[in-house]
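For reference, the chains in residue letters:
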Amino acid sequence: MNDEWNQLRQQRQEKIEKLRESEIQLYAYNYPQDHTAKEVVDLLNQKDEEIGTDGEKQLEVSIAGRLLSIRSHGKSSFAHIEDRTGKVQIYFKLDILGKDMFEALDLLDLGDWLGVNGSIFRTRTGEATVQVRDWTLLSKSVRQLPLGKTQSEENSSGTVYGGFSNVEMRYRQRYADLAVNPEVREVFRSRSKIISTLRKFLDDRDFLEVETPVLQPIYGGAAARPFVTKHNSLDRTLYLRIADELYLKRLIVGGMGRVYEISKDFRNEGIDRFHNPEFTMLEFYQAFTDYNELMSFTECMLSTVVNEVKGSLELEYQGQNINFKGPFDRVSMLPAVSEILGEDAGELRPTQFYEIAKERGVQVSENWGWGKLLDKCFGELVQPSLIQPTFVIDHPSEISPLAKAHRHTPQLTERFELFIAGEEIANAFSELNDPVEQRARFEGQERMKMDGDEETHPIDEDYIRALEYGMPPTGGLGMGVDRLTMLITNQSAIRDVILFPVLRD
RNA sequence: GAGCCGGUAGCUCAGCUGGUAGAGCAACGGACUUUUAAUCCGUAGGUCGUGGGUUCGAGACCCACCCGGCUCACCA
């Protein structure tokens, strides 16, 4: 297909040439509006109630939007234009517009941006409509939008015929996707609402929003491979952050008490339904608190967000009903795995654990330690059943190098992960603040790296130095904002909640 | 990384065991001054993902590659 020159573009080009010969400007500079599309519809409803049907009093409006449909009837035409608030019907009549401006309508195309002003009325079928007194072309569309056809709004759900559904094209040309699929715009409105609600929730509780480096000399705070870049004049390797954790905790050392950051993080891993190489994470840290208090806090934060965006504590995600009314279930990792294996997993040596796990069909590796085996068994045997919001608590120390040891069980940590619909949404712990212990944990990671683990935490000497100055007891949490948005907007793929997801060339 | 499915007009899709491409919507021309998936009549539009191969002949069969989706693996 010749993308750059086809019949359709040829036809539009001819219209452009005719417009250039006329008085009509193709690309205007501005257009003063006094109403949105939604306000026009609301205004007419109000008028019906307040003024009744006298119909004499004319209400004049100026609105602007994109031309989405046009139905020509010879000496009159109906059309719909859409702005950020929705669609409204407009009506062109020869005897009102005059010959020139009426005939010039032939030079318009779907996708053009128009400003119109005129009086509002209701058609025979009851639709709020603007009778256009004059119209202004605001921007000419040279490329045909992939518009489908929508059945009329009232009582139907706006069934779309045809439409633009090719997922690859929708991601590659998100502008076209947004232009023709209002439900996609709605998803991103919800996303924005989710983020602003999170921000307000934390601001209201005296958290300080901060910005920490995206370019970092040492990456850390998570187990993942980083993107590597280089600063030319410093001749130095820098990494795009995989998490903000270690910087935010430095701020707690600095006495800032309560901090948060909503950040883009970058992980050089595979791409699938739940992973995009760049994604949005909320992390917050609060001094003088532990993971128990954080769990209550998280319940409150999530139910506030869900209620604010959905107007309810319940929602449907991919056919499952999810209820955000706290308190959420809590499942302790070690007893849960012990129960399902019928063995006290806490007493197992790694070699025994490996054999038992293998018998149960868990994909394990012979050289794994006890902690990794426990985590993997949990992930395969227990996690898939966690549909309702559930805190999984007390992870092995071996896989939690930044979490404080459990106050009663030393090989575990005070950590929780929140699972909803079988997916991890958040990860939090009582932060490890003993610099000696922290160094030992980092060294343990180094040994795992030498054993071939590619996603260990490197030793961050500066972070240890910070801990040596003294970090108060602190609870911290990281939450995947994209995944939360998927849940709340009922989208099955992370790409559907990221405006411009990463694709191949 | 592996398996399966897909890439045909601007969009959504059809094209049977190989005979050189079709519909709906959009577009273009015409009729129609309250329509709403407007209607009616007419027209045009495609290097069938890319590159090879088999064949008298390939959208279809074979091979390789590119892009996407799903599942699994890996991973949070």
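Residues numbered from 1 in each chain as written. Chains lettered and ligands numbered in written order. Predicted model: local features only at pLDDT ≥ 70, side-chain atom pairs only at ≥ 80, totals over all residues. Heavy atoms only, no water.

Attention now goes to the sheet that holds strand S13 (residues 278-287). Whenever strands of a sheet pair, they do so through backbone hydrogen bonds, lying parallel or antiparallel. Taken together, the eight strands give an open sheet; going across it, the order is S8-S12-S13-S20-S19-S18-S17-S16, and neighbouring strands pair in mixed fashion. Of all strands in the sheet, those bounded by a partner on one side alone are strand S8 (208-209) and strand S16 (329-332). With seven bridges joining them, S13 and strand S20 (residues 474-480) adopt antiparallel strand pairing. Within the sheet, the bridge partner assigned to Ala287 lies in S20 and is Thr474. (Pairing = 2+ DSSP bridges. Helix = DSSP H or I, 4+ residues; strand = E, 2+ residues; numbered from the N terminus.)

How large an interface is tends to be reported as the accessible area lost when its parts come together. The domains assigned to chain A are domain 1 (2-163) and domain 2 (185-325 + 466-496). Distance between the C-alpha centres of domain 1 and domain 2: 43 Å. (Domains from an automatic or database assignment.)

With that settled, the discussion passes to the environment of Ser196. Following the sequence through the fold, Ser196 ends up in helix H7 (residues 182-204). Looking at Ser196, its side chain comes within polar contact range of the main-chain oxygen of Lys193, at 3.1 Å. (Polar contact = N/O pair within 3.5 Å; in protein donor to acceptor, adjacent residues only side chain to side chain.)

The next subject is the nonpolar core. Among the nonpolar cores identified, the biggest contains 45 residues, and Leu282, Phe284 and Met479 are the most heavily contacted of them. Broken down by element, this core gets its largest block of residues, nine residues, from helix H9 (residues 291-310). Counting residues in hydrophobic clusters, the runner-up holds 29 residues, among them Val40, Ile81, Phe92 and Trp135. (Core = buried A, V, L, I, M, F, W, Y, C linked by side-chain atoms within 4.5 Å. Buried < 20%, exposed > 50% of the residue type's maximum accessible area, 1.4 Å probe, protein only.)

Here the focus is H7. Taking 1.5 Å per residue as the helical rise, H7 with its 23 residues ought to reach 33 Å, and the 33 Å between its terminal C-alpha atoms agrees with that figure. Listing the buried residues of H7 in full gives Val184, Arg185, Val187, Phe188, Ser190, Arg191, Ile194, Ile195, Thr197, Leu198, Phe201 and Leu202. (Expected span 1.5 Å × (residues − 1).)

This paragraph deals with helix H14 (residues 461-469). Taken residue by residue, H14 has Tyr463, Ile464, Ala466 and Leu467 as its buried positions. Along the axis of H14, the buried positions cluster into a sector of 155°, meaning they face one direction only. Of the exposed residues in H14, the ones pointing more than 90 degrees away from its buried face are Glu468 and Tyr469. In the core, the buried residues of H14 are packed alongside helix H8 (245-253) and helix H13 (435-450). N-cap assignment for H14: the residue whose side-chain oxygen lies 3.2 Å from the backbone N of Asp462 is Asp460. (Arc of directions from axis to C-beta. Contact = heavy atoms within 4.5 Å.)

What follows covers the protein's contact with RNA strand B. Neighbouring residues of RNA strand B: 58 residues in total, closest Gln11, Thr125, Glu168, Ala223 and Glu424. What you see for RNA strand B is that sugar and phosphate hold 63% of its atoms within 4 Å of the protein. Take His275: an N or O atom from its side chain is 3.1 Å from a base oxygen of RNA strand B. Measuring from a base nitrogen of RNA strand B, one finds a side-chain N or O atom of Gln383 at 3.2 Å. For the surface near RNA strand B, the elements supplying multiple residues, two or more each, are helix H1 (7-21), strand S1 (60-72), strand S2 (76-83), strand S3 (86-93), strand S6 (149-150), helix H5 (167-172) and strand S18 (415-420). Within the surface near RNA strand B, the residues separate by chemical class into 15 nonpolar, 22 polar and 21 charged. (Near = heavy atom within 4 Å. Nonpolar A, V, L, I, M, F, W, Y, C, P; charged D, E, K, R; others polar.)

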